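Read off the chains here:
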Amino acid sequence: MPSAVGDGFTLVELLVVIAIVAILAALLLPTMTKARDRAHGVVCVSNVRQLMLGWLLYEDATGRLAPTASGPWSGDPTNPGWTAGTMGWSFTSPEWVWMRTNTEIMMSPGSGKIGPYVRSPGVYRCPGDRSGIKKGTATAPYRVRSYSMNLSIGSWPSSPPNAPTYFGKMADFRHIAPANVWVLIEEHPGTINDGRFEVMWPANVGSELWTDYPARRHGRTGSVSFADGHVEARKWVDGLTIPEASELDRTWSHPVPGSRDFRWLHDQTRSYGDRP
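All values reported here derive from a predicted model rather than from experimental measurement.

## Focus on the side chain of His-266
Here His-266 lies in helix 3 (residues 260-267). According to the relative accessible area criterion, His-266 is buried, its value standing at 4%.

Okay, here's the thing in C-alpha cells:
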C-alpha cells in the first residue's frame, strides 16, 4: 500500500508535483530574467535622462558644459568634473579619498559638478549594477555610480592649431548637431573608475581598440545620452564588446579590429570637435 502524505497525496504523487514545479520554474527563469533586465533598462534610461537634465541646467546657469572628470582630481574643487570621485575594485592602505566614490563627494557642490542640479544620488547608479568595492573579507557595498562622460565633452579647445578641439560650450557645435555627439554612457564595471569614458581618436578602420568598455547589463544593451538631451538604449552587437569577466585585465588597450560597436561610438565621439 503506498505511503500517504497528509490526507490526499501519496509520496510518489508529491514528488511528481515537485518535479513539475521545478521544470516550470526552470522554463520560466530565462523569461523572468529577461523581464527583469528590461525593467532595469527602463529605469537606467530614466536615470541618464535625469542626469542629462542636470547637465543641461548647469549649461543654462553657467554658459559652459560641465567638464568631464579627470582621474583622482575629479574630487578637487579647483579642478572639478561633472561628478567627483574615482572607483576601484579594492582598497589598499592608506584608503585614498579618490578611491571612494561615495554619495557625499559625488553630490557635493562646486564648479563643474551637476550634483546641485540632480535631486537624488540614486540616479547615478543603474539598478542592475551589482558591482562593489571590496575591502578585505567584508561584504562589498554597491558602488554609487554606473555612468561616465565622454572625454571630449566640457573641455576647452587646445591652443596648437593641430591639437584636438573639444566641446566646452554649446556654441562649439557649429558644423555638427548636438544630437550626433554622445555625452553619458553606461560603463562596464570592469573599467569604470573616474568619471570619464575615453574613446581612442582617431582610430583607422582595422585599428580599433577599447580603453574603456560600455556596459551591457540589459540584454547586451546599455544607455547612451547625447548633447541635445535625448537618451538611447544602445544594443551592442559584437562579442568583443561584451566581455564576461567581472574585472578586465589591467591593460590600457583592448584591440577589437573591425568592431561595429567601436566604430559607432567613435563616430559619435567627435574628439576633434566640429571641424568639417
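## A word on the packing of aromatic side chains
A ring pair, where both rings are aromatic, is described by two values, the distance of the centres and the angle of the planes. Under the definition given, this model contains eight aromatic pairs. Between Phe-226 and Trp-264, the aromatic rings sit 6.2 Å apart at their centres with planes inclined by 80°, giving edge-to-face as the arrangement. Separated by 38 residues along the polypeptide, Phe-226 in strand 7 (residues 221-226) and Trp-264 in helix 3 bring together distant segments of the chain. The class of Phe-226 is buried, set by a relative accessible area of 1%. Their ring planes at 75° and their centres at 6.0 Å tell us that Trp-236 and Trp-264 sit as a pair that is edge-to-face. Note that Trp-236 is positioned in the loop between strand 8 (231-235) and strand 9 (254-255) and Trp-264 in helix 3, a separation of 28 residues in sequence. Taken individually, Trp-236 and Trp-264 each receive the classification buried, so the pair is uniform in this respect. Within the aromatic cluster, the residues linked to one another by ring pairs are Trp-210, Tyr-213 and Phe-262. A cation over an aromatic ring shows up here: Arg-234 above the ring of Trp-264, its NZ or CZ 3.9 Å from the ring centre.

## Comments concerning the nonpolar core
Inside soluble globular proteins, nonpolar side chains tend to come together where they are buried. In this structure, Trp-55 and Tyr-124 are the most contacted members of the largest nonpolar core, which totals 30 residues. Element by element, the count of residues in this core is highest for helix 1 (residues 11-62), at seven residues. The next biggest cluster of nonpolar side chains, apart from the first, holds 14 residues, and it includes Trp-182, Ile-185, Val-224 and Trp-236.

## A few points about the pattern of salt bridges
Evaluation of the coordinates by the stated rule reveals five salt bridges. Two residues, Arg-217 and Asp-129, come together in a salt bridge whose shortest N-O distance is 3.3 Å. Of the two residues, Arg-217 sits in the loop between strand 6 (209-210) and strand 7 while Asp-129 sits in the loop between helix 2 (103-106) and strand 3 (147-150), which places them 88 residues apart along the sequence. One network of salt bridges, in which partners are shared, links Asp-129, Glu-186 and Arg-217.

## Description of the pairing of strand 8
Two faces make up the sheet, and in a regular strand the side chains alternate between them. The pairing of strand 7 with strand 8 spans five bridges and is classified as antiparallel. Looking at strand 8, one finds that Val-224 is bridged to Glu-232.

## Regarding the sheet that holds strand 7
The five strands lie next to each other as 5-3-4-7-8, forming an open sheet whose pairing is mixed. Strands with a single pairing partner mark the edges of an open sheet, and in this sheet they are strand 5 (196-197) and strand 8. Here two bridges tie strand 3 to strand 5, and the two strands are oriented parallel to one another. Residue pairing for strand 5: Asn-150 is matched across the bridge by Phe-197. The strands touched by helix 3 are strand 4 (182-186), strand 5, strand 7 and strand 8; relative to strand 8, the strand with the most contacts, the crossing angle is about 160°.

## Considerations on unusual backbone geometry
In the Ramachandran plot, Arg-220 falls in the positive-phi region, its phi being about 65° despite a non-glycine side chain. Its location among the elements puts Arg-220 in the loop between strand 6 and strand 7. Of the residues examined, Arg-220 reaches a relative accessible area of 41% and is grouped as partly exposed.

About the thresholds
- Residues numbered from 1 in each chain as written.
- Predicted model: local features only at pLDDT ≥ 70, side-chain atom pairs only at ≥ 80, totals over all residues.
- Heavy atoms only, no water.
- Helix = DSSP H or I, 4+ residues; strand = E, 2+ residues; numbered from the N terminus.
- Buried < 20%, exposed > 50% of the residue type's maximum accessible area, 1.4 Å probe, protein only.
- Phe/Tyr/Trp six-rings, centres within 6.5 Å; stacked < 30°, edge-to-face > 60°.
- Lys NZ or Arg CZ within 6 Å of the ring centre and 35° of its normal.
- Core = buried A, V, L, I, M, F, W, Y, C linked by side-chain atoms within 4.5 Å.
- Salt bridge = Lys/Arg side-chain N within 4 Å of Asp/Glu carboxyl O.
- Pairing = 2+ DSSP bridges.
- Contact = heavy atoms within 4.5 Å.
- Axes fitted to C-alpha atoms, helices over the stretch in contact; angles between N-to-C directions.

Everything listed here is a matter of geometry and, on its own, says nothing about what the molecule does.
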